[in-house]
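Report on the structure
The primary structure of each chain is shown beneath.
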Amino acid sequence: MGKLSVDFGMINSDNIEQLKKINQACFPVAYGDSFYRDMAKKSDENLCKFAYYSGLAIGAICTRVEPIPDDPNDRSRLYVMTLGVLAAYRNHGIGSKMVESIMEYYESEKDGKLSTVDEIMVHTQTSNVDAMKFYMDRFGFEKGELVENYYKRIDPPHCYILRKKLR
């Protein structure tokens, strides 16, 4: 099948159930109703979006801008909350296209709406070697600190912070 051509679409209250289904299929953790309410209400279509193949939602990425804690200059980062592709559509470049779309948006807005953003970051479960390779090998993220007991109700509960400096 090779690389698939996908279209992107916004996440909103009309299709939030699709995001729930994708997340349930892709992740070992369950996201609460408040996560989905926030995604439906505040979703920026440039930061949170579906990937569609032949009209079917097959993946999604949810990213937000958040302050970098304890930064003396009040700088921000892009935080990848979720990135998931349904199993049957993995290894066809869809996850890469979603991350690339976020990076392209950053590039287009780094002197505008995203002028305070200095990095992009994601938490990755310590056992998720594929995700670490994906972010590090394809996008140049660096493995940072270990966060113990980050996840509740999954084993192992620890994660690494992966980040990439953007400026």
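Residues numbered from 1 in each chain as written. Predicted model: local features only at pLDDT ≥ 70, side-chain atom pairs only at ≥ 80, totals over all residues. Heavy atoms only, no water.

A few points about the pairing of strand β2 (residues 48-53)
The buried fraction of β2 is high, at five of six residues. With four bridges connecting them, strand β1 (residues 7-10) and β2 associate as antiparallel partners. Among the inter-strand pairings, M10 is bridged to a residue of β2, identified as K49. Hairpin remark: β2 followed by strand β3 (residues 56-67), antiparallel, with two residues in the connecting loop; positive phi at S54, about 50 degrees. (Buried < 20%, exposed > 50% of the residue type's maximum accessible area, 1.4 Å probe, protein only. Helix = DSSP H or I, 4+ residues; strand = E, 2+ residues; numbered from the N terminus. Pairing = 2+ DSSP bridges.)

Focus: the nonpolar core
With 29 residues, the main nonpolar core has L78, L83, I94, V99, I120 and Y135 as its most contacted residues. Listing elements by their share of this core, those giving two or more residues are β3, β4 (76-85), α3 (94-109), β5 (117-125) and α4 (129-139). Ranked by residue count, the leading element in this core is α3, at seven residues. Setting aside chain neighbours within four positions, we find I94 in contact with L4, V6, A51, I58, V85 and Y89. Residues L19, F35, A60 and I154 belong to the second largest nonpolar core, which totals 23 residues. (Core = buried A, V, L, I, M, F, W, Y, C linked by side-chain atoms within 4.5 Å. Contact = heavy atoms within 4.5 Å.)

Here's the deal with the packing of helix α1 (residues 16-26) against helix α2 (residues 33-42)
Relative orientation and spacing of two packed helices are given, respectively, by the angle between their axes and the distance between those axes. Where α1 meets α2, the closest approach of the two axes is 10 Å, and the angle between their N-to-C directions is 135 degrees. On the basis of their axis angle, the class for α1 and α2 is oblique. Here the hand of the crossing between α1 and α2 comes out right-handed. When α1 is examined against α2, the residues I16, L19, K20 and N23 are found in contact with a partner set consisting of D33, F35, Y36, M39 and A40. Of the residues contributing to the contact of α1 with α2, the split by class is six nonpolar, one polar and two charged. (Axes fitted to C-alpha atoms, helices over the stretch in contact; angles between N-to-C directions. Parallel < 35°, antiparallel > 145°, perpendicular 65-115°, else oblique. Left-handed = near helix turned anticlockwise from the far one by under 90°. Nonpolar A, V, L, I, M, F, W, Y, C, P; charged D, E, K, R; others polar.)

Regarding the environment of K97
Inspection of the secondary structure assignment puts K97 in helix α3. Note on K97: relative accessible area 25%, which makes it partly exposed. C-alpha separation for the pair K97 and S5, spaced 92 residues apart in sequence, amounts to 9.4 Å. For K97, the residues in contact, after removing those within four places along its chain, are L4, S5, V6 and F8.

A look at the environment of I16
Within the element layout of this structure, I16 appears in helix α1. Measuring from C-alpha to C-alpha, the distance between I16 and N73 comes to 36 Å, with 57 residues separating the pair along the chain. In this view, I16 contacts I11, Y36, M39 and A40; residues no more than four positions away in its chain are not counted.

Examining the pattern of salt bridges
Side chains bearing opposite charge may pair, as long as their charged atoms lie close to each other. All told, the structure shown has twelve salt bridges when counted by the stated rule. The partner of D118 in a salt bridge is R75, with the nearest N and O atoms 2.8 Å apart. Taken together, the residues D118 in strand β5 and R75 in the loop between β3 and β4 connect sequence positions 43 residues apart. Overall, the relative accessible area of 17% leaves D118 in the buried class. With its nearest N and O atoms 3.5 Å apart, the salt bridge here joins D118 to R167. (Salt bridge = Lys/Arg side-chain N within 4 Å of Asp/Glu carboxyl O.)

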